[in-house]
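One letter stands for each residue in the lines below.
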Amino acid sequence: MTSSSSLSQDGKRLAHDYPEGLRADALMEEDVAWKPEIDGERDGDQFDRSERAALRRVAGLSTELQDVTEVEYRQLRLERVVLVGVWTSGTVQDAENSLAELAALAETAGALVLDGVIQRRDKPDAATYIGSGKADELRDIVLESGADTVICDGELSPGQLIHLEDVVKVKVIDRTALILDIFAQHAKSREGKAQVALAQMQYMLPRLRGWGQSLSRQMGGGKGGGLATRGPGETKIETDRRRIREKMAKMRREIAEMKTGRDIKRQERKRHRVPSVAIAGYTNAGKSSLLNRLTGAGVLVENALFATLDPTVRRAETPSGRLYTLADTVGFVRHLPHHLVEAFRSTMEEVGESDLILHVVDGSHPNPEEQLAAVREVIRDVGATDVPEIVVINKADAADPLTLQRLLRIEKRSIAVSARTGQGIPELLALIDAELPRPAVEIEALVPYTRGKLVARTHDEGEVISAEHTAEGTLLKARVHEELAAELAPYVPAAAAL
């Protein structure tokens, strides 16, 4: 009785001292308040309510190769990596350049490169990529440097990944996984994210692994349940693979739907006879900088690999007044994963459907010829070998003059420019104007002023050589396509028709 009376009095006091919304908080504060007669006998440290309710991590229960928190909080710190390459052909300089590019890729992904090693072999080892003895030496390098990740300069099979991790005892990834990680960080549009997700699932499907009971068998069918099974059932890893295949099928349908919108826009440009120019080239060669210089598009420019992934299409105009579209495409790289080529095929179709390709190459790179070969291999994969090409040697202000002379001599249809300073840009615009396809029919017509839309179409879809305003109408001399020529035919003067 006494206790219920005391609680009733406390409730009245709370109702008087605290507003309606704070009564519960006040009760909680009184509940945890320290009182000598009650708390004096407690043993151990006492914590605030927030500390008592917080999740607490138990050390030593990690199931990963290293502490699981290092994986979960990777965005909060740089991963410390060691690079490994296998030199199978070419010169030692080629192998070092390949590892230097891998280092640039790792830094773009947010890693801190500690060391890099190259192993000379006829072909990569089928078990551990670099051989068992060299894998043990790599383990010593990892321990000495304190690295938590090994990145291999090649695409590793699932077996090679498992065996190498068993030896070095840290996470091992290959060049393909690294590029996919960079793409996942930089994709911004809905289509770009879907394409990257599809490529990642294609890569992960044959590399799924289970830990502990993840590989145990599930219960099969049966009427009675329990031990009444008709078969071993589906393993957990098989279930995961089936779900990934279902997600991949859904992702392909979504990409196909987004591709339809891109195709409609492309068909509309073709219907209006607007020529298209595609900018293709090695990653970080300056494609976005060139697009900004030619059109003022304001696309993100950064000195990093794969800084921009989403294609950008902008309207441009030649010095003679001809309209055309300029499309910036995703950057290419040596040994570009075929998963990405397949997933980004709808985006790369901008190259195959264009009337002219501006193949941008970094003139300041140590080996620009290798960049040219790598990009042309991808262009060949997307079926754009028949499209005319202009090689644009960018960064001419920072390039070696001897390298520029060598490239200009080797590539017959080439020009040296600098997107940063504007050097060579007027000459490039004139070259684009000369290389773009021209309308087939040259016509001279006296168009009445009542047919102003026809004059406007001639300016938009054709190439106007001269235009003179007379008392009867606009005297046009232009090159136009066959359909527009048929509409202008009634206004061709009799002398011109003869």
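Residues numbered from 1 in each chain as written. Predicted model: local features only at pLDDT ≥ 70, side-chain atom pairs only at ≥ 80, totals over all residues. Heavy atoms only, no water.

1. So, the overall build of the chain
Then, in step 1: Secondary structure assignment for the chain yields 20 helices and 13 strands.
Then, in step 2: The buried share of the chain, taken over its 498 residues, is 40%.
Then, in step 3: If you take every contact in the chain between residues at least 6 apart in sequence, the share linking residues at least 24 apart comes to 66%.
Then, in step 4: With the model as given, the accessible surface of the chain reaches about 27700 Å², and the carbon-plus-sulfur share is 52%. (Helix = DSSP H or I, 4+ residues; strand = E, 2+ residues; numbered from the N terminus. Buried < 20%, exposed > 50% of the residue type's maximum accessible area, 1.4 Å probe, protein only. Contact = heavy atoms within 4.5 Å. Areas by Shrake-Rupley, 256 points an atom, 1.4 Å probe, with all protein chains shown as cover.)

2. Some words on the pattern of salt bridges
Then, in step 1: All told, the structure shown has 15 salt bridges when counted by the stated rule.
Then, in step 2: One salt bridge connects Glu435 with Arg413, and the closest N-O pair in it is separated by 3.0 Å. Residue Glu435 is found in helix α17 (residues 425-435), and its partner Arg413 is found in the loop between α16 (401-410) and β10 (414-416); the two are separated by 22 residues along the sequence.
Then, in step 3: Salt bridges here are not isolated pairs; linked through shared partners, they connect Glu101, Asp153 and Arg175. (Salt bridge = Lys/Arg side-chain N within 4 Å of Asp/Glu carboxyl O.)

3. With respect to the sheet that holds strand β13 (residues 474-480)
Then, in step 1: With antiparallel pairing, the 3 strands of this open sheet are ordered in space as β11-β13-β12. The open sheet has two edge strands, β11 (441-447) and β12 (463-469), and neither has a second partner. Averaged over all pairs of adjacent strands, the angle between strand axes in this sheet comes to 10°, irrespective of strand direction.
Then, in step 2: Bridging between β11 and β13 involves 7 bridges; their strand directions are antiparallel. Note that in β13 the partner of Ala445 across the bridge is Leu476.
Then, in step 3: Where helix α18 (residues 452-461) meets the sheet, its contacts fall on β11, β12 and β13, and the angle it forms with β13 comes to roughly 35°. (Pairing = 2+ DSSP bridges. Axes fitted to C-alpha atoms, helices over the stretch in contact; angles between N-to-C directions.)

4. Thoughts on the nonpolar core
Then, in step 1: Core analysis: the largest hydrophobic core is formed by 91 residues, its most contacted members being Leu138, Phe332, Leu358, Val392 and Leu428.
Then, in step 2: In this structure, Ala478, Val480, Leu484 and Leu488 belong to the second largest nonpolar core, which totals 11 residues. (Core = buried A, V, L, I, M, F, W, Y, C linked by side-chain atoms within 4.5 Å.)

5. Remarks on the sheet that holds strand β4 (residues 171-174)
Then, in step 1: Taken in spatial order, the 4 strands of this open sheet run β2-β1-β3-β4, and their pairing is parallel. Strand pairing shows two members of the sheet lacking a second neighbour, β2 (111-120) and β4, which therefore form its edges. Strand after strand, the sheet turns through a mean of 25° between neighbouring axes, direction not considered.
Then, in step 2: Relative to β2, strand β1 (residues 79-87) runs parallel, the two sharing 9 bridges. Across the sheet, residue Trp87 finds its bridge partner in β2, namely Arg120.
Then, in step 3: Sheet strands touched by helix α6 (residues 92-108): β1, β2 and β3 (149-152). Its angle to β2, the strand with the most contacts, is close to 155°.
Then, in step 4: Packed on one face of the sheet, helix α9 (residues 175-186) meets β3 and β4 and runs near 80° to β4.

6. Some details on the confidence of the model for the chain
Then, in step 1: The share of residues in the chain with pLDDT of 70 or more is 74%, and the mean pLDDT across the chain is 77.
Then, in step 2: Counting interchain partners and residues more than four positions distant, the pLDDT-below-50 stretch residues 23-33 has 13 contacts. (pLDDT = per-residue confidence, 0-100.)

7. Digging into the pairing of strand β5 (residues 276-281)
Then, in step 1: For β5, the buried fraction is high: 6 of the 6 residues fall into the buried class.
Then, in step 2: Side chains Ser276, Ala278 and Ala280 project from β5 onto one buried face, and the interleaved Val277, Ile279 and Gly281 project onto a second face that is buried too.
Then, in step 3: Summarising the sheet, β5 and strand β8 (residues 356-362) pair through 5 bridges and their orientation is parallel. The partner of Val277 across the bridge, within β8, is Leu356.

8. Let's talk about α6
Then, in step 1: The end-to-end C-alpha distance of α6, which contains 17 residues, comes to 24 Å, matching closely the 24 Å that a straight helix rising 1.5 Å per residue would cover.
Then, in step 2: Looking at α6, one finds that the buried residues are Ala95, Ser98, Leu99, Glu101, Leu102, Ala103, Leu105, Ala106 and Thr108.
Then, in step 3: On its buried face, α6 sits against β1, β2, β3 and α9.
Then, in step 4: At the C-terminal side of α6, Gly110 shows a positive phi close to 100°. (Expected span 1.5 Å × (residues − 1).)

9. Comments concerning a negative patch on the surface
Then, in step 1: A cluster of acidic side chains, namely Asp115, Asp136, Asp140 and Glu144, defines a negative patch on the protein surface.
Then, in step 2: Counting residues per element, the negative patch draws most heavily on helix α7 (residues 132-145), at 3 residues.
Then, in step 3: Inspection of the secondary structure assignment puts Asp136 in helix α7.
Then, in step 4: Classification of Asp136 as partly exposed rests on a relative accessible area of 45%. (Patch = residues over 30% accessible without salt bridge, like charges linked within 9 Å, V, L, I, M, F, W, Y side chains within 5 Å. Lys, Arg positive; Asp, Glu negative; His and termini not counted. Charge placed at Lys NZ, Arg CZ, Asp CG, Glu CD.)

10. Some details on unusual backbone geometry
Then, in step 1: Notably, Tyr129 is not glycine yet its phi reads approximately 75°, a positive angle.
Then, in step 2: Relative to the helices and strands, Tyr129 is located in the loop between β2 and α7.
Then, in step 3: A relative accessible area of 4% means that Tyr129 is categorised as buried.
Then, in step 4: In this model, Lys169 sits at a positive phi of 65°, which is unusual for a non-glycine residue.

11. Structural notes on the environment of Leu404
Then, in step 1: Here Leu404 is to be found in helix α16.
Then, in step 2: C-alpha of Leu404 to C-alpha of Ala416: the two residues are 12 residues apart in sequence and 7.3 Å apart in space.
Then, in step 3: Sequence-distant contacts of Leu404, that is, excluding residues within four places in its chain, are made with Ile393, Ala396, Ala399 and Ala416.

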